[in-house]
Every structure is written in structure tokens, then in C-alpha cells.
Amino acid sequence: MCGIVGYLGPQQAAPIIVNGLKRLEYRGYDSAGVCIVAEDTLRIGKQAGKVANLERDVNPAAIPGTLGIGHTRWATHGLPNDVNAHPHTNADGTIAMVHNGIIENYLTIKKKLLNAGYTFRSETDTEVLVVFIGMLYQQLGDLELAVRTALHEVEGTFGIVVVSTHEPDTMIAARRGSPLVLGIGQQEFIIASDASAIISHTRQVIYLHDNEMAVVHRNGSFTTKTIGNEKTHNAIQEIEFELDAIEKGGFEHFMLKEIYEQPNTFRDGFRGRLQPSEGNVRLGGLSSVADKLRTAKRIIITACGTSWHAGLVGEYLLEQFARIPVEVEYASEFRYRNPIIDADDIVIAISQSGETADTLAAIREAKMKGATVIGMVNVVGSTIARETDAGVYLHAGPEIGVASTKAFTSQLCVLTQFALYVGRMRGLPAAEGRQIAEALEAIPDRMHRILEQADGIREIALAYANATNFLYLGRGYNFPVALEGALKLKEISYIHAEGYPAAEMKHGPIALIDANMPVVFIATRDEIYDKVLSNIEEVRARNGRVIAIANEGDEHIAAVANHVIAIPETHPALTPILASIPLQLLAYYIAVERGCNVDMPRNLAKSVTVE
Ligand code: M6R
């Protein structure tokens, strides 16, 4: 959450920073701001709202100077107004800082500063930290030392970038819990929350580790070190994606582009891994934990939001293919309930961003208790990817839309392969393995067949765009799809939506059904198809409006549902992959019709790096 950018080099900093902020805006969009070190003053422009407002009203790109920082905010402490917007400065306005994270002991530090006579303009924890750094600078006369000394006293999380008129040829960044990437160009540096703000300048980057800082100088030299001042030697890496992966490419929204990318991103998730002729899969990143997987007594999957829904599908897949007990835990709950875990357990963390604070805390807890932790992560080099014992990347490419779409289907791609891999080592017959692998290989073509129906799905969406509630129902593998469909709708259209196992409807939610309640059923042909058909009848008997996701050519469903969206047949275990796509499109078109900002839904941010 929150996007931060810093630039030091020969070029004008402000336009580079503003462009970087636009790339990072999906991380938070409550306010935006820029600070440029111009001669011996700090020139700051900041404002509530999106980067576009800042550009329109403040025109920060016109501020001259070759060193500067910028921020796009997802508010934690204090209202999202102009005053609370970053950058913040110290008491005499000579040091400026942008910050992502939460300083948990800021009130203690603030009290100390108030006692020393300092005053504050904003309600933010960030201002407290920069004022503290300023006070230490007065005593120590060295910016880096002041930053390090301050950070020793800080509890909580931070990704910060600091600049000062005292040292106009230096930029300092530090992180704990919030990601930071240092881009290294020709005599220039760009520091950002993620590589999307860097790629148009350089592909050479260093991913900073927790408790690490980077100090960069105008002469092109730089050091990385721990906050405790021990030099570190991070490898310079190459950004793996291309610039067009973070552009809309002619689509109206990133979300729509990402929905349409799924046949390709899904294929990238099994390319080079799947071995259909052997009914098996090669997952190089798991070789070090293969023996543990062979003998593990149980698997715990932990994640948040959409990734948690993928985990639920994973539970069904692993229990069916590998006959191993699986528990799926909300990462935010897992950590705080003193879970019973031991060295025989395997914990899987699923995360698109690889930076979700709750998931990160859960894996640290699991590791502390001796479990083996496996990551299923999209963002290469992210904290979760680094902190897990082994892992499988999703290879979905950058996901910019706040509502996760392609990452979800890629998570299902990886989970299916993982279940196949563990299943084969625990006795799943090769013939069954082949069926699964062949079905997986056929998914991208089947996805195309669903995407071709976008116009029909849009028509259904227009008919229900004014609904105030939605119910999503599915059973077995399709229950997590119901949850995911409901989440997609509520997060981008702000319509209240609930997902339930279809059979649970009669235990309560059926009371909600009337002619104003659209009910989305995922009713594909599987062993509980007849039961779901009965559930549909029950809704129709109470005048509920039924939108059914059913298999192509299903006459029974067509006869009872008000609307049918047809998806191709596949292996029952892979149905969630196909069934989720029409639900993504349905939510998307409803949100667009309601005039919602699909890529930046209110109150949300892409990567939730605070607990
Ligand atoms: O990056 P992660 O997968 O760890 O993120 C987890 C959730 O924050 C995320 O899935 C969230 O629920 C999305 N906005 C859903 O569309």
C-alpha cells in the first residue's frame, strides 16, 4: 500500500517522479505529492485525491531540480486530505520523507518530541518520524546516521525515502516490511515501491531486504547496508517483464486487459512444467522439499482475499489427488491464534503481490514453529518469495487492476500442478495424472470460448446493474468460485454480495430471496449437479432471478434459469478456472455500468502491506 518513488540523477526529477506515481497509483490513491530539492529549498506540491488531481492543480512536474521524492497514499493515520498527504518534512523544512507502512510506536516518539518543543502539522506517523530524524540530524550532523539512529527506535513497518537540502547529492532509502526496489541507471538512481515505476528508466535493479537501506550519490556510487550499518552485497537483477505488461494496451481498464490475458498467462503457468504424456509435472522450485511432501501428514494453506479463495480450491484438489488432509487459514487469523504446527507440517502461502503483511506474518509464525513453508507467488523477488523455503512462481505477469483476475486463475493453474505433483508421488495413478494434465493443457483454448461471449455477459450485467444485493451459490469445487464471484462484484461495484455453498441456502439465506434478488449459480455437470438443479428450482419457486454458469448445451438449466452463461466442459477439478471468468466479466460490466472506477475501487489498494 502506498507507492513511493525517489529520483537522483542528471535529469529533471519531477516528471520522472510523477510518471512513476502514475504507475504506482494502484497501490493507493487517497492523495499524492512530490518534493524536489531545488537549490537550498525543498519545493513541495501535494494534494488529496489521485495523481491526476495533483497534476491538474499543482503541476509538480514543472518544479526544477534533479533530486526528489513522490508518494501516492493509502491512508492509515489521519484523513486523506492535503495536510496528511506525503511528503512530510522536519521542523525547519530541510528534510523531506515519503513513507509506506505504519510506525506503531509513533505516539511514544511524538510525546518525546512534543516535550522537546516540536510541533506537528499533520496527524500522520510519518511526520513524527521525519521530525525525529530532523532532531537527530541537529545533534549528529549526518543524514544517514540520523536516519539509522531514528530507525533503531522505530517499531512497525516502513519503506522510506529521505532527501535533504543539507545533502543535495544524496538519497537514502530504508525498508522493514514494505517493499523497495533500487533501480540503477547511467549515473542515475530511481527508488520505488515496485519495479513498474522503474522499468522505463532501467532494467537493472536491487531488491532491498528487510532492515536494509540504500544510500545513493550523485557521482553514481551507492551502498546497501543493514540499518545496523553492516555492508550488504545484493545481486543486481534484471526486471523480468516488458513495459507493455504494465500498460493498458488499448483496453479501457487494466482489469479488462487482465481478464483477456488469461489464456496466455494460464499457459505461462504450466509451460515447461507440465508433462502430459507422463501424467506428471516438473516443479524445479520444490525439489528441495520433495521428500517432505512425500511424507507430510498435513498441509496448511494460508492467504488473504482472492488468494484465500484459490487456497480453498487447492484444498479440494490436494485432498482429491494426493489424499492428504489440508486446512485453509485466513493469514490474518492464523498468526494470532497460536496455531498448532510442527516440523512435519507443510505450510503453503499464496499471494499475488508477495508482500501482503498478514500472509507474511503467518509464514514467519509457521517458520518459527519449524514448518516447511512453500510460496506460490506472482511477483518475482517479493518478500514472501524470498522468505519461503521453496516455491512456485505464478508467471502471470504484473497485475495492476486492484481486483485480482489473472492471478487467481494462475494460482489455480499452479495449485492444480502442485496437487498433481504431490499426488503422483503419493500414489495417484499415471492414467489419472494424464487426464488432469491434458485437461489443464486444454484450458487456454476453452478460456477463449468464454471470452468470446463477453457481449452476452455484458447484456446480463446491464439488466442487473441496479441490483442492491447478489447471492452467489456453488457446491464442491464451485463453492470457492461463488465466494470469489461475490468478492469481485462487491469490491468493484459496491453491490452487497454473498457467496455460499448452494446447499446452505436453505439454512438461512433463502429468507432473502424475492424478485429483487439475483442469484448466480455455478451449476456445471458434476456428481452433485442434480442437487444444484434442485437448489435452482427452490430459488425460482420464490421468484428469485437466476443467472446460471452451466456447461455448453445444458438444456435442463436453460429451462429453469433466467439467464445462462455457457462454459466448456473440462475435468471437474478444473471447473473453477473456467467458471471464474464469466463472473469476472459480470462484475466488470456491472461496475462499469454503475460508473465505478474499476481499476481503483474506493478504499482498496492492490498490495495490503499493513496488518
Ligand atoms: O497480493 P495478495 O494475493 O496476497 O493479496 C491478497 C488480497 O489482498 C487480494 O486478493 C484482494 O482480496 C484482492 N483485491 C481481490 O481482488
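Higher on the page you've got the structure.
Source: prediction; values computed, not measured. (Residues numbered from 1 in each chain as written. Predicted model: local features only at pLDDT ≥ 70, side-chain atom pairs only at ≥ 80, totals over all residues. Heavy atoms only, no water.)

Visitor: When you look at the side chain of Thr 359 in this model, what are you seeing that I'm missing?
Guide: In this fold, Thr 359 is placed in helix α11 (residues 357-368). A relative accessible area of 1% places Thr 359 in the buried class. The residues contacting Thr 359, other than those within four sequence positions of it, are Thr 302, Ala 303, Cys 304, Ala 331, Ala 349, Ile 350 and Ile 384. (Helix = DSSP H or I, 4+ residues; strand = E, 2+ residues; numbered from the N terminus. Buried < 20%, exposed > 50% of the residue type's maximum accessible area, 1.4 Å probe, protein only. Contact = heavy atoms within 4.5 Å.)

Visitor: Sorry, what's going on with the sheet that holds strand β23 (residues 496-501) here?
Guide: Across a sheet, paired strands are connected by hydrogen bonds in the backbone, their directions being either parallel or antiparallel. Read across the open sheet, the five strands follow the order β23-β22-β24-β25-β26; overall the sheet is parallel. Where the open sheet ends on each side, the last strands, each with one partner, are β23 and β26 (563-567). When strand polarity is set aside, the average angle formed by the axes of neighbouring strands in this sheet is 20°. The sheet contact formed by strand β22 (residues 469-474) and β23 spans six bridges and is parallel. The residue of β23 that forms the bridge with Leu 471 is Glu 498. Where helix α16 (residues 478-493) meets the sheet, it contacts β22, β23 and β24 (518-522), and its direction lies at approximately 175° from that of β23. Contacts from helix α17 (residues 529-541) reach β24 and β25 (545-551) within the one sheet, and its direction differs from that of β24 by about 170°. (Pairing = 2+ DSSP bridges. Axes fitted to C-alpha atoms, helices over the stretch in contact; angles between N-to-C directions.)

Visitor: How should I be thinking about the site of the ligand in this particular structure?
Guide: Contacts to the ligand come from 14 residues, most closely from Ser 307, Ser 351, Ser 353, Thr 356 and Glu 491. Measuring from an oxygen atom of the ligand, one finds a side-chain N or O atom of Ser 351 at 2.7 Å. Residue Thr 356 places a side-chain N or O atom 2.4 Å away from an oxygen atom belonging to the ligand. For the ligand, whose free accessible area comes to 410 Å², the fraction covered by protein is 90%. (Near = heavy atom within 4 Å. Polar contact = N/O pair within 3.5 Å; in protein donor to acceptor, adjacent residues only side chain to side chain. Areas by Shrake-Rupley, 256 points an atom, 1.4 Å probe, with all protein chains shown as cover.)

Visitor: Help me understand the pairing of strand β9 (residues 181-184), please; the structure alone is not making it clear to me.
Guide: Every second residue of β9 is oriented toward a common face, with Val 181 and Gly 183 on one face and Leu 182 and Ile 184 on the other, all of them buried. Sheet analysis places β9 next to strand β11 (residues 204-207), joined by three bridges and oriented antiparallel. Bridge pairing in β11 places Val 181 opposite Tyr 207.

Visitor: Would you mind going over the sheet that holds β11 with me for this structure?
Guide: The strand order β3-β2-β4-β1-β10-β9-β11-β14 describes an open sheet built from eight strands, whose pairing is antiparallel. The sheet is open, and its two borders are formed by β3 (41-48) and β14 (237-238), each paired with just one other strand. Pairing of β11 with β14 involves two bridges; the strand directions are antiparallel. Across the sheet, the residue bridging to Val 205 is Gln 237, located in β14. Docked against the sheet, helix α2 (residues 51-58) engages β2 (31-38), β3 and β4 (67-73), running at close to 125° with respect to β3.

Visitor: Just to check I follow, could you spell out the pairing of β2 for this structure?
Guide: Remark: a regular strand shows side chains that alternate across the two faces of the sheet. For β2, the buried fraction is high: eight of the eight residues fall into the buried class. Side-chain alternation along β2 places Ser 31, Gly 33, Cys 35 and Val 37 on one buried face and Ala 32, Val 34, Ile 36 and Ala 38 on a second face that is also buried. With eight bridges joining them, β2 and β3 adopt antiparallel strand pairing. Across the sheet, the residue bridging to Cys 35 is Ile 44, located in β3. In this antiparallel pair of consecutive strands, β2 and β3, the connection spans two residues, and Glu 39 shows a positive phi of 55°. Pairing of β2 with β4 involves six bridges; the strand directions are antiparallel. By the bridge assignment, Gly 33 is partnered in β4 with His 71.

From the geometry alone we can't say anything about function, so treat these as descriptive.
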